[in-house]
Every structure is written in structure tokens, then in C-alpha cells.
Amino acid sequence: MSTDVKKEQVALLRFEKKVVGLAGLLAAGAATAKVVDGKLNATDATAAYAEMEAALIRLAEATSQAHEVLAAKATESGVMMLQATGGVPKRSVSSAVASILGIG
């Protein structure tokens with residue numbers, strides 16, 4: 001492992017931001033799915049929405065795990081990590097996604 005993983009860490013942080021943004025878009029579609037099902041007297045749109053929601057949660061969890069593994073491997077190897085400051089602890093991606101989707 002190289003002595004500097006900041007580039008990889010920044011790429012992962014950018015991806016995490018996109019996953020959280022996708023959660024916002026998906027959450028906005030929940031009402032549309034319910035309206036469509038109501039008009040068609042069906043549950044297909046709601047079921048498809050639930051599948052997308054579950055897939056996004058799995059993606060967010062995998063992204064959080066990747067971040068944890070990167071941090072652990074870097075610490076283990078004595079690699080320099082990006083040290084972001086701002087006073088507020090970083091929230092996990094999976095927690096943020098669940099919160100946006102209204103399930104956490």
C-alpha cells in the first residue's frame with residue numbers, strides 16, 4: 001500500500017456524497033409510486049420502489065464498509081489519511097441514506 005491514500009479516500013467520499021444525493025431523489029419518487037398504484041389499483045410501483053430502496057440501502061452499507069476497511073488498512077500500514085475537520089463527526093452513509101428515505 002502506498003504511503004498516501006488521500007486520492008482514493010477523496011474518490012470514495014465523492015461517491016458517498018452521490019449515494020446520499022440519490023437517496024434524496026429516490027425519496028421524492030415514493031409519493032409518485034403511491035399515486036400511480038392508487039390510480040391503477042395496483043401495488044407494482046410501490047413494490048418496485050421498495051426494491052430500489054433496499055438496493056440503495058445495500059449500496060450505502062457497502063460504501064460505509066469500504067470506507068471503514070480503507071481507514072483500517074491505512075491505520076494498520078501507517079499510511080497518511082485525509083484529516084477532515086469541522087467540529088461535527090461524520091455521519092455514516094448508510095445512516096444518512098436511511099434517514100433520507102425515512103427508515104432510520
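Residues numbered from 1 in each chain as written. Predicted model: local features only at pLDDT ≥ 70, side-chain atom pairs only at ≥ 80, totals over all residues. Heavy atoms only, no water.

Looking at the overall build of the chain
Phase 1 of the analysis: Along the backbone of the chain there are three helices and zero strands.
Phase 2 of the analysis: Secondary structure elements of the chain occur, N-terminal to C-terminal, as α-α-α.
Phase 3 of the analysis: Among the 104 residues that make up the chain, the fraction classed as buried is 27%.
Phase 4 of the analysis: Look at the contacts in the chain between residues 6 or more apart in sequence, and 80% of them connect residues 24 or more apart.
Phase 5 of the analysis: When the accessible surface of the chain is totalled, it reaches about 7000 Å², and 61% of it is carbon and sulfur. (Helix = DSSP H or I, 4+ residues; strand = E, 2+ residues; numbered from the N terminus. Buried < 20%, exposed > 50% of the residue type's maximum accessible area, 1.4 Å probe, protein only. Contact = heavy atoms within 4.5 Å. Areas by Shrake-Rupley, 256 points an atom, 1.4 Å probe, with all protein chains shown as cover.)

Overview of helix H1 (residues 6-40)
Phase 1 of the analysis: Helix length check: H1, at 35 residues, gives a terminal C-alpha distance of 50 Å against a target of 51 Å (1.5 Å per residue), a fit within 8%.
Phase 2 of the analysis: The axis of H1 is deflected most strongly, by about 25°, at Ala30.
Phase 3 of the analysis: When H1 is considered as a whole, its buried residues turn out to be Gln9, Leu12, Glu16, Val19, Ala23, Leu26, Ala30, Ala33 and Asp37.
Phase 4 of the analysis: Its buried side turned inward, H1 meets helix H2 (44-77) and helix H3 (93-100).
Phase 5 of the analysis: Positive phi appears at Asn41, one or two residues downstream of H1, with a value of about 55°. (Expected span 1.5 Å × (residues − 1). Bend = angle between axes of the 7 residues up to and from the residue.)

Some words on H2
Phase 1 of the analysis: The end-to-end C-alpha separation of H2 is 49 Å, in line with the 50 Å expected for 34 residues at 1.5 Å each.
Phase 2 of the analysis: Among the residues of H2, those classed as buried are Tyr49, Glu53, Leu56, Ile57, Ala60, Thr63, Ser64, His67, Leu70 and Ala74.
Phase 3 of the analysis: Buried residues along H2 sit against H1 and H3.
Phase 4 of the analysis: One or two positions beyond H2, positive phi appears at Gly78, with a value near 70°.

Points about the nonpolar core
Phase 1 of the analysis: Residues Val19, Tyr49, Leu56, Val97 and Leu101 are the most contacted members of the largest nonpolar core, which totals 13 residues.
Phase 2 of the analysis: Every element with two or more residues in this core is listed here: H1, H2 and H3.
Phase 3 of the analysis: No other element matches H1, which puts five residues into this core.
Phase 4 of the analysis: Apart from the residues lying within four places of it in its own chain, the contact partners of Val97 are Val19, Val20, Ala23, Leu56, Ile57 and Ala60. (Core = buried A, V, L, I, M, F, W, Y, C linked by side-chain atoms within 4.5 Å.)

A word on the environment of Gly21
Phase 1 of the analysis: Considering the arrangement of structural elements, one finds Gly21 in helix H1.
Phase 2 of the analysis: Classification of Gly21 by relative accessible area gives partly exposed; the value is 39%.
Phase 3 of the analysis: Note: C-alpha distance between Gly21 and Ala96 (75 residues apart in sequence) is 9.9 Å.

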